[in-house]
Amino acid sequence: MTGLEKKTAAITGAAGGIGQAISKQFVANGFHVIAGDADQTGMDQLEAELNRIGQNVWSKAGDLRNKAYCEELIDYSIQITGTLDVLVNNAGIITRGNILETTDEDWERTFDINLTSIFWRAIGHMKGHGGGAIVNIASCWGLYPGPGHAAYCTSKAAVATLSKCLGRDHAGDGIRVNAVCPNEVNTPMLRTGFAKRGFNPDTAIAELNNTVPLGRIAEPEDIADAVYFLSSNAARYIAGTTVEVNGAKPVY
Ligand SMILES: NC(=O)c1ccc[n+]([C@@H]2O[C@H](COP(=O)([O-])OP(=O)(O)OC[C@H]3O[C@@H](n4cnc5c(N)ncnc54)[C@H](O)[C@@H]3O)[C@@H](O)[C@H]2O)c1
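So, here's what we can say about the structure. Position labels on residues start from 1 in each chain and follow its written sequence. Restriction of local features to residues with pLDDT of at least 70 applies here, the model being predicted, together with a cutoff of 80 or more for giving and counting side-chain atom pairs; totals for whole chains, interfaces and linings are based on all residues.

## Quick notes on the site of the ligand
Here is step 1: Close to the ligand lie 28 residues, the nearest being Gly13, Gly16, Gly92, Thr187 and Met189.
Here is step 2: In this description a helix means any DSSP run of H or I spanning at least four residues, a strand means any run of E spanning at least two, and both kinds are numbered starting from the N terminus. Sorting the residues of the shell around the ligand by element identifies helix H1 (17-28) and helix H8 (188-196) as the ones contributing at least two each.
Here is step 3: Considered class by class, the residues forming the shell around the ligand number 14 nonpolar, nine polar and five charged. To decide nearness, the C-beta atom of each residue is placed from the backbone, and the residue is near a molecule or strand if that atom lies within 6 Å of it. As a working rule, the residues Ala, Val, Leu, Ile, Met, Phe, Trp, Tyr, Cys and Pro are called nonpolar, Asp, Glu, Lys and Arg charged, and the rest polar, with Gly in that last group.

## Re helix H3 (residues 67-81)
Here is step 1: The span one expects for a helix is its residue count, reduced by one, times 1.5 Å. Between its first and last C-alpha, H3 extends 22 Å over 15 residues, near the 21 Å set by a 1.5 Å rise per residue.
Here is step 2: Counting other C-beta atoms within 10 Å of each residue's C-beta, where C-beta atoms are placed from the backbone, gives the exposure class: buried for 20 or more, exposed for 12 or fewer, partly exposed between. Of the positions making up H3, those classed as buried are Cys70, Leu73, Ile74, Ser77 and Thr81.
Here is step 3: Buried-residue contacts for H3 involve strand S1 (8-12), strand S2 (32-37), strand S3 (57-61) and helix H5 (119-128).
Here is step 4: Where H3 ends, the next residue or the one after it, Gly82, has phi of about 85 degrees, a positive value. Here, residue contact means that the backbone-derived C-beta atoms of the two residues sit within 7 Å.

## Thoughts on the packing of H1 against helix H10 (residues 220-231)
The geometry of a pair of packed helices is captured by two quantities: the angle between their axes and the separation between those axes.
Here is step 1: As a rule, the C-alpha atoms of each element are fitted with a line to give its axis, helices using only the stretch in contact, and angles between N-to-C directions run from 0 to 180 degrees. Following both chains from N to C, one finds H1 and H10 inclined at 50 degrees, their axes separated by 8 Å at the closest point. Considered as vectors, H1 and H10 are oriented oblique to each other. In this structure, the crossing between H1 and H10 has a hand that is right-handed. For the pair H1 and H10, contact is made by Gly17, Ile18, Gln20, Ala21, Ile22, Gln25 and Phe26 and by Pro220, Glu221, Ile223, Ala224, Asp225, Val227 and Tyr228, respectively.
Here is step 2: Taken together, the residues of the contact of H1 with H10 break down into nine nonpolar, three polar and two charged. Between 65 and 115 degrees an angle is taken as roughly perpendicular, under 35 as roughly parallel, over 145 as roughly antiparallel, and anywhere else as oblique. Here a crossing is called left-handed whenever its near helix is offset anticlockwise from the far helix by less than a right angle, and right-handed whenever the offset is clockwise.

## A word on the sheet that holds strand S4 (residues 86-89)
Here is step 1: At least two DSSP bridges between two strands are needed for those strands to be called paired. Taken together, the seven strands give an open sheet; going across it, the order is S3-S2-S1-S4-S5-S6-S7, and neighbouring strands pair in parallel fashion. Only two strands of the sheet have a single neighbouring strand rather than two, namely S3 and strand S7 (242-245). Strand-to-strand twist across the sheet, computed as the mean angle between neighbouring axes with direction ignored, equals 15 degrees.
Here is step 2: Taken together, the three bridges between S1 and S4 define a ladder with parallel strand orientation. When the bridges of S4 are listed, Ala10 appears paired with Leu87.
Here is step 3: Strand contacts of H1: S1, S2, S3, S4 and strand S5 (132-137), with the helix running at about 165 degrees to S2, the strand carrying the most contacts.
Here is step 4: Relative to strand S6 (residues 175-182), helix H7 (residues 150-170) is tilted by about 160 degrees, and along the sheet it contacts S5, S6 and S7.

Below, the structure is given as structure tokens:
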């Protein structure tokens, strides 16, 4: 594959646990990656690792609550690499609490970041340029809500439903939209949650591993493999659906 033939994937939350693994997976498969995240330091580290042999990753830091940044990220992909073939809407936050414990700000922030980000501009571009693939990271907790996470579960349910809506509405434009729904994944999101509640993350994850029929919670690479598959030609007939990646563990 020459540089001119390379495809481009824009990935949000690229400095996080799953986002880094997704970025590495796309670079390993010959893609240019446009990395978006609020964490510039994390993206600098990602770039340092993935740009050792030629430039594969360009990062643009910003806040996905800012619509101008969401649009800039898509425009940046096209400006830098000339194309946008894949978009992975991966950035997200977990907001804990039942509805009485959830403030207006919690609710708005959760929906802004988890749901209302960069779908529209990407679809507009892909529609006019031969199509593409969009993979959104929802959650098993959006399909089968767990306890005490009203805003998070509802936002992820919306991501799953929006993925189906967009998948159906834009299949005819050559754009395949799907969502990946992980259960627990060994990332900073999960580990800091344990630490905040006073648990040792390693011990808590070892206990959690025993609750998964496949014997362990997911590693970020398990999710990245599913994301890459859905974006690839191997998934050419899969559109408008959700894929659970959960080690056979139900939500309870
Ligand atoms: N870890 C899990 O157990 C789990 C389970 C199911 C679904 N998910 C979903 O997977 C996705 C990735 O989660 P992760 O576990 O890698 O989390 P993470 O906390 O490691 O990474 C999330 C990234 O999103 C970025 N981000 C958050 N808010 C942002 C904003 N306003 N603007 C720009 N960037 C922002 C953060 O800086 C961070 O780098 C999320 O959507 C999450 O809800 C995670």
